[in-house]
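Fold and contact review
Each chain is listed here by its residues.
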Amino acid sequence: ELKAWPKSKSGSCERRRRAVRTMMGSDPIRDWICGQGGASKITRISPVGGGCINTALRYETDSGTFFVKTNRDVGPAMFEAEAAGLEAMFATSTIRVPRPLKVGPLPGRGSYIIMEFINMGASRGGQAELGRQLAEMHKASSSERGFGFDMDNTIGSTPQPNPWTSDWVAFFQEQRLRYQLQLAEKQYRDYDIAEKGQRLVDKIPSLFRDVSDIRPCLLHGDLWSGNIAADERGAPVILDPACYYGHNEAEFGMSWCAGFGAGFYNAYFEVIPKQPGFEQRRDLYRLYHYLNHYNLFGSSYRSSCMAIIKQYTNLA
Ligand code: ADP
């Protein structure tokens, strides 16, 4: 009796699992790969490490390998925005990005994205090539609607609003700095940073006095070393974007985590020359990402934010 009981229980469990799977419909990732993906057999599914937010998997099939990310908690909007960003960068034919293939909801809850699998090389690839190709992407892109993007996206897991705006300074003031300052005020009751940060926001136009023309460039938006790789030939690959059309200099806002050297910047500025006042705006663009880190990871980033705010506003 005692021996029979676990056996029959596990048998009925398996039957129930199968019934639930049938009720919920089959696995949409497998369905796509074996349908439009052109595979007739998935030979192996294995985890890919290194991500921050999602579960990453490698699907090997008889018609090539696919890269899949899943998120159990959020609907497809986040991956739809990632796919739109990848597609926009891909369309410039300048720097390698994985081609997005499919986004959809998971049964019950969650979502997935399927994209081209890129065999990442062991090294990061050349700095100069990265700088040149990034500048070429910035240069090749164009936006008829000004600054912003077709949809909002996320920076880390923080929402990043991208409403189309004709004026860059107004966009950066409202949608980037003020949005993060208000988030800090709301979640930490940090009225101090919100108030001092606002003084900086009011001063921003003066930092652009010498710039005659700001063209909307397609930005990766979250360019740090975790999102920079190289393919099997050593060519640069950029991943996991938070794309929008913005001032090209804003792309260097994560440079404190990107390890860009002189080779990178020299190659970049050969394609897009440095604009007057570049150095004075460098920390301004970093502040957006420092504020985001403060909002995501807490108080250890607060002093870096305050240091930049004070530097621009000369507060004691
Ligand atoms: P997350 O959204 O969780 O931050 P990432 O997009 O950074 O995840 O991807 C996680 C890891 O998977 C990366 O570190 C990278 O090495 C690898 N990866 C990302 N995209 C691809 C791809 N298209 N092909 C192969 N590996 C990839």
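For the structure, check the block above.
Notes on the structure follow.

Turning next to the pairing of strand 2 (residues 55-61). Where burial is concerned, most of strand 2 is hidden: five out of the seven residues are buried. Summarising the sheet, strand 1 (residues 42-48) and strand 2 pair through six bridges and their orientation is antiparallel. Note on strand 2: the bridge partner recorded for Ile-45 is Tyr-59.

The subject of this paragraph is the packing of aromatic side chains. Within this structure, the stated rule accounts for 26 aromatic pairs. Ring geometry for Trp-256 versus Tyr-290: centroids 4.0 Å apart, planes at 15 degrees, classification stacked. Taken together, the residues span a long stretch of sequence, with Trp-256 in the loop between strand 11 (244-246) and helix 7 (262-271) and Tyr-290 in helix 8 (residues 278-297) at a distance of 34 residues. On the basis of relative accessibility, which here comes to 15%, the residue Tyr-290 falls in the buried class. Residues Phe-260 and Phe-264 carry aromatic rings whose centres are separated by 3.8 Å and whose planes lie at 5 degrees to one another, so their mutual orientation is stacked. By the burial criterion, Phe-260 is buried, and Phe-264 matches it. One aromatic cluster in this structure is built from Phe-252, Phe-260, Phe-264, Tyr-265, Tyr-268, Phe-269 and Phe-278.

Looking now at the site of the ligand. Residues in contact with the ligand amount to 17 residues; listed here are only the nearest, Asn-54, Lys-69, Glu-116, Ile-118 and Asp-240. In this structure, Glu-116 approaches the ligand through a main-chain N or O atom, which is 2.8 Å from a nitrogen atom. In this structure, Asp-240 approaches the ligand through a side-chain N or O atom, which is 2.8 Å from an oxygen atom. For the ligand, whose unbound accessible area comes to 560 Å², protein coverage reaches 90%. Taken together, the elements giving at least two residues each to the shell around the ligand come down to strand 3 (64-71) and strand 5 (111-116). The residue makeup of the shell around the ligand, split by class, is ten nonpolar, four polar and three charged.

What follows is about the sheet that holds strand 4 (residues 100-105). Sheet architecture is open: five strands sit in the order 1-2-3-5-4, paired in antiparallel fashion. Two strands lie at the open edges of the sheet, namely strand 1 and strand 4, each paired on one side alone. Between one strand axis and the next, the sheet turns through 20 degrees on average, direction left out of account. Across seven bridges, strand 2 lies against strand 3 in antiparallel orientation. By the bridge assignment for strand 3, Ala-56 is matched with Lys-69. Of the strands in this sheet, strand 3, strand 4 and strand 5 are in contact with helix 3 (residues 77-91), which crosses strand 5 at around 20 degrees.

Another point: empty space enclosed by the protein. What the rule picks out here adds up to one cavity of 30 Å³ or more. For the largest cavity, the calculated volume is near 40 Å³. Glu-249, Phe-252, Gly-253, Phe-278, Arg-281, Arg-282 and Tyr-285 are the residues that line the largest cavity. Of the residues assigned to the lining of the largest cavity, the class counts are three nonpolar, one polar and three charged.

Conventions and cut-offs
- Residues numbered from 1 in each chain as written.
- Predicted model: local features only at pLDDT ≥ 70, side-chain atom pairs only at ≥ 80, totals over all residues.
- Heavy atoms only, no water.
- Buried < 20%, exposed > 50% of the residue type's maximum accessible area, 1.4 Å probe, protein only.
- Helix = DSSP H or I, 4+ residues; strand = E, 2+ residues; numbered from the N terminus.
- Pairing = 2+ DSSP bridges.
- Phe/Tyr/Trp six-rings, centres within 6.5 Å; stacked < 30°, edge-to-face > 60°.
- Near = heavy atom within 4 Å.
- Polar contact = N/O pair within 3.5 Å; in protein donor to acceptor, adjacent residues only side chain to side chain.
- Areas by Shrake-Rupley, 256 points an atom, 1.4 Å probe, with all protein chains shown as cover.
- Nonpolar A, V, L, I, M, F, W, Y, C, P; charged D, E, K, R; others polar.
- Axes fitted to C-alpha atoms, helices over the stretch in contact; angles between N-to-C directions.
- Contact = heavy atoms within 4.5 Å.
- 1 Å grid on protein atoms, 1.4 Å probe; cavity = no way out; pocket = protein on both sides within 12 Å on 5 of 7 lines; lining within 4 Å.
- Points joined across faces, edges and corners; volume = space filled by probe spheres on them.

What is shown is where atoms sit, not what they do.
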